[in-house]
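# Examination of the molecular architecture
Listed below are the residues making up each chain.
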Amino acid sequence: MGTLLNQIEKENDIKKIAPEDYRKLAKEIRVRLVRSVSRTGGHLASNLGAVELTMALHLFLDFPKDKLIWDVGHQAYVHKMLTGRNRQMGTLRRLDGISGFPKVDENPADTFNTGHSSTSISVALGMAKARDIQGGDEKVVAVIGDGALSGGMAFEALNNAEQMKSNLIIVLNDNKMSISKNVGGMSRYLGKMRTNQKYNNLKINIEECLDRIPNVGTTMAEKIKNAKNSLKHLLVPGMLFEEMGIIYVGPIDGHDIDGMLQALNAAARIKNRPILIHVLTKKGKGYLPAETNPSMFHGVNAFYPKTGEPVEERGTTYTDVFGEWLLQKGRTCPELVSVCAAMPDGTGVKPFAGEFPKRSFDVGIAEEHAVTFSAGLVSGGLRPVVSIYSTFLQRAYDQIIHDICLTQLPVVFAVDRSGIVGRDGDTHQGIFDLSFLTSIPNMTVISPMDGAELRASLDFAYGLDSPVAVRYPRGQVFELEELGGTHEQLQYGRGSVIMVNGEFCKDGERDKASGDCVLFAVGNMVRTAIDAAVRLRAQNISCTVVNMRFVKPFDKPLMCRLVPEHTVMVTIEDNEVTGGFGQQAEAMLAENAIFPKKLINVSVQDTFVEHGATEELYARYGMDAESVASRIQESLNK
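Calculation rules
Residues numbered from 1 in each chain as written. Predicted model: local features only at pLDDT ≥ 70, side-chain atom pairs only at ≥ 80, totals over all residues. Heavy atoms only, no water. Axes fitted to C-alpha atoms, helices over the stretch in contact; angles between N-to-C directions. Helix = DSSP H or I, 4+ residues; strand = E, 2+ residues; numbered from the N terminus. Parallel < 35°, antiparallel > 145°, perpendicular 65-115°, else oblique. Left-handed = near helix turned anticlockwise from the far one by under 90°. Contact = heavy atoms within 4.5 Å. Nonpolar A, V, L, I, M, F, W, Y, C, P; charged D, E, K, R; others polar. Phe/Tyr/Trp six-rings, centres within 6.5 Å; stacked < 30°, edge-to-face > 60°. Buried < 20%, exposed > 50% of the residue type's maximum accessible area, 1.4 Å probe, protein only. Lys NZ or Arg CZ within 6 Å of the ring centre and 35° of its normal. Pairing = 2+ DSSP bridges. Polar contact = N/O pair within 3.5 Å; in protein donor to acceptor, adjacent residues only side chain to side chain. Core = buried A, V, L, I, M, F, W, Y, C linked by side-chain atoms within 4.5 Å. Expected span 1.5 Å × (residues − 1). Arc of directions from axis to C-beta.

Packed helices, taken two at a time, are described by their axes: the angle between them and the distance between them. Interaxial distance between helix H2 (residues 22–40) and helix H5 (residues 77–85) falls to 11 Å at its minimum, and their mutual angle equals 110 degrees. Taken together, the axis directions place H2 and H5 in an arrangement best described as roughly perpendicular. Of the two elements, H2 crosses H5, and the hand of that crossing is right-handed. Between H2, through Ile29, Arg32, Leu33 and Val37, and H5, the contact on the second element is made entirely by Tyr77, Val78, Met81 and Leu82. Its residues assigned to classes, the contact of H2 with H5 comprises seven nonpolar, no polar and one charged.

Structure follows, in structure tokens:
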């Protein structure tokens, strides 16, 4: 670890570093980033690209008085290092360690909790207005990436910014991509601006200097301003930001600390106007593997720093299974089209897009638009498959209700990263989708337990003439056959008994289930239920395990038949308890005057789930096989 970085023990300590040492400090920070993230995993390329930008912001601002809001927060690792958390980087994204995103309760310099895209300008605008009303003088800066700027919420905030008449500095960190390559009109617009350096000659400082010349200065400044406005339209196509009442400065080299400081100081002198400073950075800068393949190094697991190769070879994931299904189905169904929201790599649709580019649509960071766009595709005679992470699908709840389910349009939602996803933490856990999807009329929700059932569920969903969501977890697949179990054919709304008395069912045994305990498990938690049943069988406790498969509609006749035949009823799901499968099952039984002798609801109990390895989190929240078996045993003993 470098000696300069060791001198920074708390916020604002960077101001003790001599300017001639900035380059050396930047190099030390990059070495520290690569070493730390290679061990813990995390978002590497975005942080490598934002080193000098973060340094300039810390030299410009006074923490915690001044407010810095990071959009998404992928690029906030350097900010953490410069605010006294450098020595904690070894705990990054680990259970009880520091988060991979800004967290208010972690450090006062983390102004606002972030994790989802396109929120920073709205937050910063609110903070700036609160400052004005209360007579404060703190600086407020929002940092937003070029990918996040394509999000609709960012445009809403930009549209509102000029009306507020507040000094707000917006830093556009333009690295030509968000996670995957940027798409859409904003990307093309910024591309034109990047190549247009002529506009940089017209700076705010000219007007300030002319205003000081007695009598002549004001008139001359006005004429130059009018001339500048004409030049803007000639030199920079559209001038979107200035037309919205936002002063535009740039583009500026995002690795030139002095240049960025000059722009920031000039922006701070402007009164009652928002200013956007456009900086150009290189994602992955300073580490060749990340520079060469920034998408791969956006979010990584542990890797070897010298080569960039992963420490562990990745097995087949549920995302891989979906991507292969999409490609194969697309070859036989010409009406199938793919829609994703800025995550073609993460959602597994890239192979389909490579083979069928005209049938593949990446709409950018715009989940709401993705859903309603898909409604239009259906209305035009196509069959869209919409692949979005569970945590991001939350943003399109109204569109799913209003534009899809209200008219029963047959859209297939491939809901990736459902349940507890691990180290990205509370903003990314997919623990709400069962609650919000099953609350919508006309929606079918399927939660397959393994890779084979995911393929069958996607086929089944594509054959339905109504909206359907197929949810599946992050990580490697398991296959029931490898454990000795067998699948029943998928039938609408029907569950499947897969274990009786702690052993996998044979033909004719599924209807004979009775015993001490019955576990009704959803999706990823079927494996946990199997492991718990095996543990309990060793204690002479007989368990029946049911793979629910469908959560809406779930198999009510099967549940009503099995509950009276067992002493303990267990529902087990990787979802928030409120509005989840367990509560719905309990309500259904009460309506039918069936009351379990003993009831256990295994779910996330009305809380947000922090970051950590998935197995650690399941254990902490009593959702692993050992905890489930222990709870059942205690219940029986009582």
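So that's the structure; there's more coming.
Throughout the structure, instances matching the rule amount to 16 aromatic pairs. Ring centres 5.6 Å apart and planes at 75 degrees place the aromatic pair phenylalanine 460 and phenylalanine 550 in the edge-to-face group. A residue pair is termed long-range when its members are at least 10 positions apart, and phenylalanine 460 in helix H20 (residues 451–463) and phenylalanine 550 in strand S16 (residues 550–552) qualify at 90 residues. Residue classification places phenylalanine 550 among the buried residues on the basis of a relative accessible area of 0%. Among the aromatic residues, those joined into a cluster by ring pairs are Phe322, Trp325, Tyr462 and Tyr472. The side chain of lysine 139 reaches across the aromatic face of phenylalanine 60, ending 5.2 Å from its centre. Taking the ring centre of tyrosine 462 as reference, the NZ or CZ of arginine 383 above it sits at 4.7 Å.

Moving on, we come to the sheet that holds strand S10 (residues 444–446). The strand order across the open sheet built from seven strands is S7-S6-S8-S9-S11-S10-S16, with neighbouring strands paired in mixed fashion. In this open sheet, the two edge strands, each paired with only one partner strand, are strand S7 (360–362) and S16. On average, each strand axis in the sheet is tilted by 20 degrees relative to the strand beside it, whichever way the strands run. The pairing of strand S9 (residues 412–418) with strand S11 (residues 468–473) spans five bridges and is parallel. The residue bridging serine 418 from the neighbouring strand is proline 473, located in S11. Taken strand by strand, helix H14 (residues 318–332) contacts strand S6 (336–340), strand S8 (383–389), S9 and S11, and its axis lies near 145 degrees from that of S6. Seen against the sheet, helix H16 (residues 367–379) touches S6, S7, S8 and S9 and runs at an angle of roughly 170 degrees to S8.

Moving on, we get to the sheet that holds strand S12 (residues 496–500). With mixed pairing, six strands are arranged side by side in an open sheet as S13-S12-S15-S14-S17-S18. The sheet is open, and its two edges are formed by strand S13 (503–504) and strand S18 (598–604), each paired on a single side. One ladder, built from five bridges, connects strand S14 (residues 515–521) with strand S15 (residues 543–547); its direction is parallel. Looking at the pairing, phenylalanine 520 lines up with valine 546 of S15. Relative to strand S17 (residues 566–576), helix H24 (residues 581–591) is tilted by about 140 degrees, and along the sheet it contacts S14, S17 and S18.

The next point concerns the side chain of serine 603. Within the fold, serine 603 resides in strand S18. Taking relative accessible area as the criterion, serine 603 reaches 3% and is therefore assigned buried. Engagement of the side chain of serine 603 in a polar contact is seen with the side chain of asparagine 601, the distance being 2.7 Å. Of note is the side chain of serine 603, whose polar atom sits 2.8 Å from the side chain of glutamine 605. Setting aside residues up to four positions removed in sequence, serine 603 forms contacts with Glu573, Asn575, Val577 and Met623.

Turning our eyes to something else, we now look at the packing of helix H6 (residues 120–133) against helix H7 (residues 152–164). Running from N to C, H6 and H7 point in directions that differ by 25 degrees, and their axes come no closer than 8 Å. In terms of orientation, H6 lies roughly parallel with respect to H7. Classified by chirality, the crossing of H7 by H6 is left-handed. Taken together, the residues of H7 that come into contact with H6 (itself represented by Ile121, Ser122, Leu125 and Lys129) are Met153, Ala154, Ala157, Leu158, Asn160, Ala161 and Met164. Classifying every residue of the contact of H6 with H7 by side-chain character gives eight nonpolar, two polar and one charged.

With that settled, the discussion passes to the nonpolar core. Residues Phe322, Val385 and Leu519 are the most contacted members of the largest nonpolar core, which totals 61 residues. Looking at this core, the element that brings in the most residues is helix H22 (residues 525–537), giving seven residues. Listed in part, the 57 residues of the second largest apolar core include Ile17, Met81, Ile257 and Val300.

This brings us to the environment of alanine 45. Locating alanine 45 in the fold gives a position in helix H3 (residues 45–49). Distance in space between the C-alpha atoms of alanine 45 and phenylalanine 297 is 5.4 Å, their sequence separation being 252 residues.

Next up on the list: H7. Given a rise of 1.5 Å per residue, 13 residues ought to cover 18 Å, and the 19 Å separating the end C-alpha atoms of H7 matches this to within 8%. Looking only at H7, the buried set comprises Ala154, Ala157, Leu158 and Ala161. Buried residues of H7 fall within an arc of 105 degrees about the axis and therefore sit on the same side. Seen from the open side of H7, the exposed residues pointing more than 90 degrees away from its buried face are Glu156, Asn159 and Gln163. Residues of H7 that are buried in the fold lie against H6, strand S2 (140–145), strand S3 (168–174), helix H11 (240–243) and strand S5 (274–280). Phi turns positive, to about 55 degrees, at lysine 165, one or two residues after H7.

This brings us to the pairing of S8. Counted residue by residue, S8 has seven buried out of seven residues, so it is predominantly covered. The alternating pattern of S8 places Arg383, Val385, Ser387 and Tyr389 and Pro384, Val386 and Ile388 on opposite faces, both of which are buried. Both S6 and S8 contribute to a ladder of five bridges, which runs parallel. Bridging across to S8, valine 339 finds its partner in valine 386. In terms of strand pairing, S8 meets S9 through five bridges, oriented parallel. The residue of S9 that forms the bridge with valine 385 is valine 412.

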